[in-house]
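For reference, the chains in residue letters:
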Amino acid sequence: MLIAFYIASAIAVLATIVAITRNHAVHALLYLIVSLLAIAVVFFVIGAPFLAALELIIYAGAIMVLFLFVVMMLNIGEHATEVETEWLKPGVWAWPSALATVLIAELAYVAVHVAAPEATMHVVTPKEIGISLFGPYAIGVELASLLLMSGLVGAYHIGRRASGEEEERYRASTDGARVVSSSGAVRVGSDRTSDAA
Amino acid sequence: MYLAVALFALGLIGLLTRRNLIFTLMSVEVMLNASGLAFVAGSYQWGRPDGQVMFLFILAMAAAEVSVGLALLLQFHRRAPTLDSEVASEMKG
Amino acid sequence: MSSLLWIIPALPFASAAVLALFGSRFSRRVAAWLGTASIGLSALAAILAAIEFLAARPPGSAWVDHLWTWISLGDFQPEAALYFVPITLVMVVVITFVGFLIHLYSVEYMRDDEGFSRFFAYMNLFVAAMLTLVLANNLLLLYLGWEGVGLCSFLLIGFWYRDPANVRAANKAFLVTRVGDTAFAIGLFLLATHLRTLDIQEVMRRATQQWPVGSGLAIAAAALLLGGAVGKSAQLPLQTWLPDAMAGPTPTSALIHAATMVTAGVYLIARTNALFVLAPPVQFAVALIGAGTMLLAAFSAIAQRDLKRVLAYSTMSQIGYMFLALGLGAWSAAIFHFMTHAFFKALLFLAAGVVIQAMHHEQDMFRMGGLRFDLPVAFWSFLIGGSALAGLPLITAGFFSKDLILWQAWAGPNGNGLFWVAGLLGATLTSFYTYRMILLVFYGPEKLETSYKPGPVAVIPLITLCVLSIIGGYIDTPPDFGGVPVLSNFLNTVLPPLNEVHLGAITELSTAISASASFAIGFGFAYFVYAPWRGALKPREDPLLRLWYSGWAMDWLYDRLFVRPFQFVVRAGASDLIDEIYTGIARITDLASGAFRQTQNGRLRWYATGVAAGFVVLFAVVLLVR
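Residues numbered from 1 in each chain as written. Chains lettered and ligands numbered in written order. Predicted model: local features only at pLDDT ≥ 70, side-chain atom pairs only at ≥ 80, totals over all residues. Heavy atoms only, no water.

A word on the overall build of chain B. Along the backbone of chain B there are three helices and zero strands. Along chain B, from the amino end to the carboxyl end, the secondary structure elements read α-α-α. Scored against the burial criterion, the 93 residues of chain B give a buried share of 71%. If you take every contact in chain B between residues at least 6 apart in sequence, the share linking residues at least 24 apart comes to 54%. For chain B, the accessible surface area stands at approximately 2800 Å², while carbon and sulfur atoms represent 73% of it. (Helix = DSSP H or I, 4+ residues; strand = E, 2+ residues; numbered from the N terminus. Buried < 20%, exposed > 50% of the residue type's maximum accessible area, 1.4 Å probe, protein only. Contact = heavy atoms within 4.5 Å. Areas by Shrake-Rupley, 256 points an atom, 1.4 Å probe, with all protein chains shown as cover.)

Next up on the list: the pattern of salt bridges. The full count for this structure, using the stated rule, is 11 salt bridges over all chains. Of the charged contacts, one joins Arg560(C) and Asp559(C) as a salt bridge, the two residues approaching to 3.2 Å between their closest N and O atoms. (Salt bridge = Lys/Arg side-chain N within 4 Å of Asp/Glu carboxyl O.)

Residues and elements named next belong to chain C. Given a rise of 1.5 Å per residue, 16 residues ought to cover 22 Å, and the 22 Å separating the end C-alpha atoms of helix α19 (residues 456-471) matches this to within 8%. Here α19 has its buried residues at Ala458, Val459, Pro461, Leu462, Leu465, Cys466, Leu468 and Ser469. The secondary structure elements touched by the buried residues of α19 are α3 (86-109), α15 (331-358), α16 (376-390) and α17 (397-411). (Expected span 1.5 Å × (residues − 1).)

Moving on, we get to the packing of helix α13 (residues 280-301) of chain C against helix α18 (residues 417-442) of chain C. Axes are the key here: two packed helices are described by the angle between their axes and the distance separating the axes. All names here are of chain C. Remark: α13 packs on α18, axes separated minimally by 9 Å, with the N-to-C direction vectors making an angle of 30 degrees. The orientation of α13 with respect to α18, classified from their angle, is roughly parallel. At the point where α13 passes α18, the crossing takes the left-handed sense. Of the residues in α18, those in contact with Phe284, Ala287, Leu288, Ala291, Met294, Leu295, Ala298, Phe299 and Ala301 of α13 are Phe419, Ala422, Gly423, Leu425, Gly426, Leu429, Tyr433 and Arg436. In terms of residue class, the contact of α13 with α18 is built from 14 nonpolar, two polar and one charged. (Axes fitted to C-alpha atoms, helices over the stretch in contact; angles between N-to-C directions. Parallel < 35°, antiparallel > 145°, perpendicular 65-115°, else oblique. Left-handed = near helix turned anticlockwise from the far one by under 90°. Nonpolar A, V, L, I, M, F, W, Y, C, P; charged D, E, K, R; others polar.)

With that settled, consider the interface of chain C and chain B. At the junction of the two partners, chain C supplies 11 residues and chain B supplies 15 residues. Summing the contributions of chain C and of chain B, the shared interface buries around 990 Å²; its carbon and sulfur component is 57%. Linking chain C to chain B there are zero salt bridges. Considering each element in turn, the side of chain C that touches chain B owes the most residues, six residues, to helix α25 (residues 604-625) of chain C. The residue makeup of the side of chain C that touches chain B, split by class, is four nonpolar, four polar and three charged. (Buried area = accessible area lost by both parts, 1.4 Å probe.)

Listed below in structure tokens is the structure:
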């Protein structure tokens, strides 16, 4: 069991690394799906089969697919991939990686000082989760439903295609003119800015 | 636990690095997933179901957030036919 | 009446306050009525007081009206009290009556001005302050009135404040007289410290008791008071403000800068005469300043082109005469000349106002001409007033007062042949520039069309002043011409009389004849140069005339000597260390804000980084603390 855990976690980390370094959006999403699958395996190993199933169905199945829908709908094309290549020069990774490393160190430090995991595995059945949800976490359920409802309405409204003239006005009034991002890319985390304040 | 930490950090890197908004959203998903994993691991460690329930809620929230986020993305794309987050820097100065 | 003296200054004060507070809500009619009636009632009260005073002369020839104690400090207790003696009587009656006439005139002159009620408020305030000055019992109250008239002069010169030139003129007037006022104040301190009182009669009494003639303290006190008088009366060396003060409205020039305020210095010296007697060098300086200013101003007047500036220099010159009289100890002669001068100078200014209005505010005499048919009232006013100024023998008031001064310049104990000659020269020049003015404005070809006719409200004061300019002199005629020394006797009850010492070669009669001769010479010369049959005249340009035109270049001198070094020092000290600290703080704030502004660059990833970094740091802090 433990081996499965280690292999799955290795796959997850690798897949995520690859996912965030891809140029092509669809490739990245696919790698992300792989990562999610690996996480599901980890869930299963930990003793949360219900959650593993949920992860697969909802996360990998619905959310990621939604992502793919939108990406393909936008139909950006080859140009985007080239631009991405330009944007992701190695130097860009420097500062965020440093920041994240510090974060890892801190969190790891915290994790070390927590009680060691028990060896015994306690499988949580769906039944237990159900009882929890209907009992102490009932209000959480209601709130979640509220959240989903607002998410639905909000997404509909925000994503609505405006009428023709509204769209014209949008285009005229925004910075649509300076559309194509320049190659003088700004690096995250550096102190220089390209725009004068 | 360490896995969760690692994944979270990776998601953070991705968030900070990528300019394309789709990747930004994607990295956010990664971070959410990682934090959910941390919850579940915790529940495993202390043998209580609460962590898993938490993960359920996180999942629901992620779904809602993704839909709204993508809707915003669509609007952004319509206004300026690009997905570069640097373009959206009008609130400066 | 002696206890109701306070009404005389109180009425104008009250009306000034009302006009200042509510004037903008009054119609012109109401404001005019209020402004003029207050002075009229004050004049009425003054005349009643005069009648009663003359009818029943009080003991010591003085009324005192104690109003209240102003400051109470041990044995130094200046009061607010009014003091009425013959000299005060003359001053008060002249001020209120001439003031009333001028207010009447200004109802017409200022009728189109939008600051109508403001004007009357200032004028009333001025009359009130001047009356306070004149009626004051002690030097502190006098100084209050002194400052008040200075303030009103400033306000009225800069009345049309939208033009920066007027404001500059007002500033100049105020600053120059301020120099004098400071000297005056120091003199007051000196007197208060050494004599423990500021009551004028007490001061004179104690000074004569405690200080020997010619002592340092007396000289210092008298000199400082002289400094104040010189500033206010526009004498050398503080005379530069008066020509520029003509930027104010003409009624202001008539009231303040001809008839009343500029004579405040004369009044001061006359009132504190004992101090000056105690300091003969200072008294000599008074005479010297008077004679010098008289000549300097007269020379300047003959080269002026602006109508009002001629009159301004003329005023300066005539006050020089008064100062000369004071310096010679001819106190009552000075007051007599003040009275006649008030009449004819106010008349001249008001008539000048008529001319200026008719000429659409053109004031250059060389652009006027031939007005005697279009403006008969103004013409006759100028003729009568000008003749009084020049001293047309026997008919005009000015002749008698000037003659008195000239006579006492020779015959008095401080008399001096040089002063007599200077006086005659001054008279000649006066006659010259007066008739020059009249010839240029009223004779010759007509250069500018006019269709303005002054209304009755303006004409009545003019006629009244004409009459006064003629008959005003008859209350004090020398023995050879009728021997009616009414005024001198009246004034000499409180002012020391002048004992005639040097008789001899020059008698009173010959003085009078010489004065008449100077008048004739001046007139003749003016006629010769500016005669109507010469046709249209252009102003001459030669260096001497230019020098006189600029008032003997004193403005230029003061500019180099005082103004520029002062401005240099100010500029040099403008950015000093303390200033630098403040600007430094501002600059640092600016830099810091610029730096902080960089973080607001609107870029998403930047903000996300900020959040993450902040979290990392905080977490580290928490961990390290634990």
